[in-house]
Amino acid sequence: MREVGCVDAAQGLETTFDLIFDLSKNCKFKDCKHTSEIGCAVLQAVDEGNLDAALYENYMKMGEKKHFESTVAERRKKDKSFGNMVKDYKNLKKNNRE
Ligand SMILES: [Zn+2]
């Protein structure tokens with residue numbers, strides 16, 4: 001027997017992550033952030049009502065927090081490689097336009 005009440009929330013979140021992870025395999029870009037990318041399967045699912053917008057927002061909030069934490073920690077180490085990152089980003093933008 002399980003206590004349904006509080007397990008539900010945790011399971012819901014896990015399910016959301018699984019769902020979005022599965023969807024993200026169909027995203028056009030491998031490093032898709034699921035925010036405004038063209039060809040993002042996650043955004044499309046929200047759009048079509050296959051994914052609850054509230055679940056998506058939850059996911060994005062968690063993701064942003066994680067991303068922010070790792071960014072702050074890694075920025076100090078990677079300061080020197082920032083120039084290369086900018087170069088890569090410019091190339092990516094150029095490629096996306098083609
Ligand atoms: Zn995506």
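These numbers come from a predicted model, not from an experiment. (Residues numbered from 1 in each chain as written. Predicted model: local features only at pLDDT ≥ 70, side-chain atom pairs only at ≥ 80, totals over all residues. Heavy atoms only, no water.)

Would you take a moment to explain the overall build of the protein chain for this structure?
Scanning the protein chain for helices and strands turns up 4 helices and 0 strands. Among the 98 residues that make up the protein chain, the fraction classed as buried is 14%. Restricting to contacts in the protein chain with at least 6 residues of sequence separation, those with at least 24 account for 32%. Entry remark: accessible area of the protein chain is about 8500 Å², with carbon and sulfur atoms responsible for 54%. (Helix = DSSP H or I, 4+ residues; strand = E, 2+ residues; numbered from the N terminus. Buried < 20%, exposed > 50% of the residue type's maximum accessible area, 1.4 Å probe, protein only. Contact = heavy atoms within 4.5 Å. Areas by Shrake-Rupley, 256 points an atom, 1.4 Å probe, with all protein chains shown as cover.)

How do you make sense of the coordination of the zinc ion when you look at a structure like this?
Expected angles at a metal are 109.5 degrees for tetrahedral coordination by four donors and either 90 or 180 degrees for octahedral coordination by six donors. Taken together, the protein ligands of the zinc ion are Cys-27 (SG), Cys-32 (SG), His-34 (ND1) and Cys-40 (SG), with distances of 2.0 to 2.3 Å. Considered as a linear motif, the donors of the zinc ion on their single chain read C-x4-C-x1-H-x5-C. You'll find Cys-27 and His-34 in the same group, each marked buried. (Donors = N, O, S within 2.8 Å, 3.2 Å for Na, K, Ca; no water.)

Explain the confidence of the model for the protein chain to me, please; I cannot follow it from the model alone.
When pLDDT drops low, the exact placement of atoms in the prediction is not to be read closely. Per-residue confidence for the protein chain gives a mean pLDDT of 77; residues scoring 70 or more make up 60%. Of all the helices and strands in the protein chain, helix H4 (residues 82–97) carries the lowest mean pLDDT, 69, while helix H2 (residues 41–48) carries the highest, 95. (pLDDT = per-residue confidence, 0-100.)

Explain H2 here, please?
Every buried residue of H2 is listed here: Ala-41, Val-42 and Ala-45. Looking straight down H2, one finds that the buried residues subtend no more than 105° of arc, so they occupy a single side. Backbone geometry just after H2 places Gly-49 at a positive phi near 80°. (Arc of directions from axis to C-beta.)

Teacher, can you tell me more about the nonpolar core here?
Where a protein is soluble and globular, its nonpolar side chains tend to be buried together. One finds Ile-20, Leu-23, Cys-27, Cys-32, Cys-40, Ala-41, Val-42, Ala-45, Leu-51, Tyr-56, Tyr-59 and Met-60 forming the largest nonpolar core, which totals 12 residues. For this core, the secondary-structure elements that each account for two or more residues are helix H1 (4–24), H2 and helix H3 (53–78). For Leu-23, the residues in contact, after removing those within four places along its chain, are Ala-41, Val-42, Ala-45 and Leu-51. (Core = buried A, V, L, I, M, F, W, Y, C linked by side-chain atoms within 4.5 Å.)

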